Number of protein chains: 2
Amino acid sequence: MTIFQLRQQWLQGEMIKRGWSGFLVTHHVDIYYYCGSMQTGYLFIPAEGEALYLVRRSLIRAEEEASADVEALGSWKTLAERLRARCAAAGDAPLRIATELDVLPVQLFGKLQAALPGAAWEDGSLLVREQRMIKSPDEVAAIREAARVVDAALEAVIPHIREGMAEFELMALIEHQLRLRGHQGLMRMRAYNSELITGMVATGAAAAVPTYFDGPAGGTGLHPSSPQSSGRALLMRGEPILVDIGCMVDGYLIDQTRTLVIGDLDPELQRAYDVAEQVLRATEAKLQPGMIAEHLYLLALDQVQEAGLSAHFMGYGADQVKFLGHGIGLEIDELPVLAKGFKYPLAPGMVIAIEPKFTFPGRGVVGVEDTYLITDIGWEKLTISREGLIRV
Amino acid sequence: MTIFQLRQQWLQGEMIKRGWSGFLVTHHVDIYYYCGSMQTGYLFIPAEGEALYLVRRSLIRAEEEASADVEALGSWKTLAERLRARCAAAGDAPLRIATELDVLPVQLFGKLQAALPGAAWEDGSLLVREQRMIKSPDEVAAIREAARVVDAALEAVIPHIREGMAEFELMALIEHQLRLRGHQGLMRMRAYNSELITGMVATGAAAAVPTYFDGPAGGTGLHPSSPQSSGRALLMRGEPILVDIGCMVDGYLIDQTRTLVIGDLDPELQRAYDVAEQVLRATEAKLQPGMIAEHLYLLALDQVQEAGLSAHFMGYGADQVKFLGHGIGLEIDELPVLAKGFKYPLAPGMVIAIEPKFTFPGRGVVGVEDTYLITDIGWEKLTISREGLIRV
């Protein structure tokens, strides 16, 4: 049995508990997660029995890759009959079919509803996201490799960093090194309208510009048509250079941040950087199975308040984001989120990027981000880049 | 009046014809198109009066960028009242609100429906896509600049192409050159599950591997988790090297293909390449206002059949795609498509990438792609890269 079939089996157990007839997986990332292939089509996982991968193209590649029965998608008119045939357990009762309503567009959902008259639809997106929260060893291995690639790329470019270099020039160098080492060139996000371009290199005041991006710092970007990531600001002596980057290897992402400086930071920013490291160390001390995700955020808030830095934590003023970290895997915005309202107890197999940062408008952003695996007894840091402020 | 306000005004005229009260623009690319900003939020364009941009973050950047009244999004409970206040013309009648149902996820649509009780919803996505089909001079200028960038990057890497270099290594070089010249690092697609990573470099048999990607050739990619674009195949003498690349400048995309070869192509592939150029020349001869989009595809099919190459055109066998070209702008999959069923008459301001290609399983893909502006009297080629097969 492949890892993909094990995942289908777990989902089937949950479907039986809920009385669902099957799960029609429509999102390419989820299709890959459950069958190991990402060709165009739909993956139907019945509550019992074999999964059926209905493929528009390429059928040949799907047949080579997928842990599922593969058939040509063919006419939508045959869809109802073919899915019904997989749901023997449902008898003649109306089918209850789950799908991912967090990403599925309304138009396509309407087409599916019309193709499966009488079916009741359930939102299965949270269930999928919760299953994907716990990584299997093969997933951890891919993230580990991504961590190796991002570290090697960072070390390769550090000797080339010069005063007067533009943010986007340094980012171009990093991306080149990442791609030479196997980065697939995408950083997938699940949330509507969310995009990520490798991460960002942002320096001084430009890093502290408020951002639409759902993170503590976003960068100016090159133009309002993509208002994030690196822009044209020049790296200057004494300014914090925030290098928040990731890459994708075998489908899996890593996310890490290091603060660099040419020369020295001024004492106030240096102190804030030190507090960021202390927050990370204090978080590590609590990082273990059973700890509730939101508690880590609340503990960090307390610590930051004691340090007198609340106004600067994770963005500034109205543009602060309300989290300390996020799950990561096939997508960068996975569960659990270390934020208020997220009551998930940490569990072995979770992979979480933790990123305490402080924003000083007009001056810059300092902070650090490492990605952790929750283990049976605590944690293991998957990020392998050197710790501490990096002086260039 | 800004170009963005002119676009709102055109949309308002169409809404009045249809009896719609307003358009709630939710997709980040459309929000940018109509107001010049891409911060997180919703843009409401009433059938009459000023547009209202409800922004979650960053409010500051939205205020600087947007051609619209900007307000904090705030509580969803106030949404109904605030949109109603913009629809004075509707009086007390239920609102008819359009939005983009081709991209809006079901979950978020449900939330919007709940926030606006009693409103009737219309699918405005086709209207937006049809409006965006006709480019304004500023849009054409951005595409022209993207064409310059992609050409300069291609010319910069050609001297570095060597036998035995991997596809992904050449792609890494191209991306580096693109990014140094202002490529924003994204190639946006609108269709569900669609992704694009710069385009692709694919050589010989690897280029001819069937693909899920909605194009004549997709490449193997590095792994089934992103089964497109460049892989690990090595560039070999005498094989066609398909370099199908684009970039994004000021939000706008270009798309071009050149076939390269180290040494010479074998006579059969060389002949197919020549036919691709002939198809492009014959298409140019018909490229003028009033020509129906699908006719260009049908004419190409005839020409290809005469050349005895039908089985190889735009993919091979079951994996052929059924089009000759596509509109391009903020996204790569814009209208019009040069394909059966697309009855749009060409009109000045349309920008279309035309890409006749031939696939030979086990041997490679040859072809060419240029991007054209439809003018009052015919066409102008926006692609500036040198014509013809490129011998390295």
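What you see is a predicted model, and the numbers here were worked out from it, not measured in a lab. (Residues numbered from 1 in each chain as written. Chains lettered and ligands numbered in written order. Predicted model: local features only at pLDDT ≥ 70, side-chain atom pairs only at ≥ 80, totals over all residues. Heavy atoms only, no water.)

(A) Fine view of the UniProt feature "domain: Creatinase N-terminal" (unreviewed entry) in chain A. In this structure's numbering, the residues bearing the UniProt feature "domain: Creatinase N-terminal" (unreviewed entry) are residues 7-134 of chain A. Secondary structure content for residues 7-134 of chain A is 42% helix and 23% strand, while the C-alpha to C-alpha distance between its ends is 11 Å. (UniProt positions renumbered as here; feature names shortened; annotations may be inferred. Helix = DSSP H or I, 4+ residues; strand = E, 2+ residues; numbered from the N terminus.)

(B) Quick look at the relation of the copies chain A and chain B. Each copy superposes on the other: chain A lies on chain B with an RMSD of 0.0 Å after a rotation of 180° and an axial shift of 0.0 Å. This pairing of chains is accounted for by a two-fold axis. Taking the C-alpha atom as reference, chain A places Pro-105 of chain A closest to the rotation axis, 2.1 Å from it. Here 100% of the contact residues of chain A are again contact residues in chain B; the copies associate through an equivalent surface. (Least-squares fit on C-alpha atoms with pLDDT ≥ 70 in both. Contact = heavy atoms within 4.5 Å.)

(C) Main features of the packing of aromatic side chains. Taken as a whole and judged by the stated rule, the model has twelve aromatic pairs over all chains. Relative to Trp-121 of chain A, the ring of Phe-109 of chain A lies with its centre 5.3 Å away and its plane at 85°, an arrangement referred to as edge-to-face. On the criterion of sequence distance, the pair formed by Phe-109 of chain A in helix H5 (residues 106-115) and Trp-121 of chain A in strand S6 (residues 120-123) is long-range, its members being twelve residues apart. Assessed through its relative accessible area of 10%, Phe-109 of chain A is described here as buried. Its end group placed over the ring of Trp-20 of chain A, Arg-18 of chain A keeps NZ or CZ at 5.5 Å from the ring centre. The ring of Tyr-33 of chain B carries the charged tip of Arg-132 of chain B above its face, separated from the ring centre by 5.9 Å. (Phe/Tyr/Trp six-rings, centres within 6.5 Å; stacked < 30°, edge-to-face > 60°. Buried < 20%, exposed > 50% of the residue type's maximum accessible area, 1.4 Å probe, protein only. Lys NZ or Arg CZ within 6 Å of the ring centre and 35° of its normal.)

(D) Examining the sheet that holds strand S4 (residues 69-72) of chain A more closely. Residue and element names in this part refer to chain A. Strands sit in the order S4-S3-S2-S1-S5-S6 across an open sheet of six strands; the sheet is mixed. Of all strands in the sheet, those bounded by a partner on one side alone are S4 and S6. With strand direction ignored, the average angle separating the axes of adjacent strands in the sheet is 25°. As paired strands, strand S5 (residues 96-99) and S6 are joined by four bridges and run parallel to one another. Residue pairing for S6: Thr-99 is matched across the bridge by Asp-123. This element, helix H4 (residues 79-86), spans strand S1 (22-25), strand S2 (40-46), strand S3 (52-57) and S4 of the sheet and lies at about 150° to S3. (Pairing = 2+ DSSP bridges. Axes fitted to C-alpha atoms, helices over the stretch in contact; angles between N-to-C directions.)

(E) The domain arrangement of chain A, seen in detail. Residues and elements named next belong to chain A. Split by domain assignment, chain A resolves into domain 1 (3-132) and domain 2 (134-391). Look at where the C-alpha atoms of domain 1 and domain 2 centre, and you get two points 35 Å apart. Each partner contributes residues to the interface: domain 1 has 17 residues there, and domain 2 has 15 residues. Summing the contributions of domain 1 and of domain 2, the shared interface buries around 1300 Å²; its carbon and sulfur component is 44%. Linking domain 1 with domain 2 are six salt bridges, by the criterion used here. Here Glu-139 and Arg-7 are joined by a salt bridge, their closest N and O atoms 3.6 Å apart. Of all the secondary-structure elements, those providing two or more residues to the side of domain 1 that touches domain 2 are helix H1 (3-18), helix H2 (28-35) and helix H6 (125-133). Residue composition of the side of domain 1 that touches domain 2, grouped by class: seven nonpolar, three polar and seven charged. (Domains from an automatic or database assignment. Buried area = accessible area lost by both parts, 1.4 Å probe. Salt bridge = Lys/Arg side-chain N within 4 Å of Asp/Glu carboxyl O. Nonpolar A, V, L, I, M, F, W, Y, C, P; charged D, E, K, R; others polar.)

(F) The environment of Leu-373 of chain A, seen in detail. Residue and element names in this part refer to chain A. With respect to the helices and strands, the residue Leu-373 is situated in strand S15 (residues 370-374). C-alpha separation for the pair Leu-373 and Pro-94, spaced 279 residues apart in sequence, amounts to 42 Å. When neighbours within four sequence positions are excluded, Leu-373 is seen to be in contact with Val-140, Arg-144, Gly-349, Met-350, Val-351, Gly-378, Trp-379, Glu-380 and Leu-382.

(G) A look at the interface of chain A and chain B. With 65 residues of chain A at the contact, the number on the chain B side is 65 residues. Both sides of the chain A and chain B interface together cover about 5600 Å² of buried area, and 54% of this is carbon and sulfur. Our enumeration of links across chain A and chain B arrives at four salt bridges. Between Glu-195 of chain A and Arg-188 of chain B there is a salt bridge, and its shortest N-O distance comes to 2.7 Å. If you look at where chain A meets chain B, you find 44 residue pairs in polar contact (both at pLDDT 80 or more). Breaking the side of chain A that touches chain B down by element, the ones donating at least two residues are H2, helix H3 (59-65), H5 and helix H8 (167-180) of chain A. The leading source of residues in the side of chain A that touches chain B is H8 of chain A, at nine residues. (Polar contact = N/O pair within 3.5 Å; in protein donor to acceptor, adjacent residues only side chain to side chain.)

(H) Inspection of the side chain of Arg-179 of chain B at higher detail. Structurally, Arg-179 of chain B can be placed in helix H8 (residues 167-180). Among the polar contacts listed, one links the side chain of Arg-179 of chain B to the backbone oxygen of His-183 of chain B, at a separation of 3.0 Å. Contact partners of Arg-179 of chain B, with chain neighbours within four places excluded, come to Phe-168, Met-171, Ala-172, Glu-175 and Ile-197 of chain A together with Gln-184 and Gly-185 of chain B.

(I) The arrangement of the pairing of S3 of chain A in detail. All names here are of chain A. The buried fraction of S3 is high, at five of six residues. One ladder, built from five bridges, connects S2 with S3; its direction is antiparallel. Looking across to S3, one finds that Gly-41 is bridged to Val-55. Hairpin remark: S2 followed by S3, antiparallel, with five residues in the connecting loop; positive phi at Gly-49, about 95°. Pairing of S3 with S4 involves four bridges; the strand directions are parallel. Counted as the bridge partner of Leu-54 is Glu-71 from S4. Crossover connection from S3 via H3 to parallel S4: handedness right-handed. (Right-handed = clockwise from strand over helix to strand, strands pointing away.)

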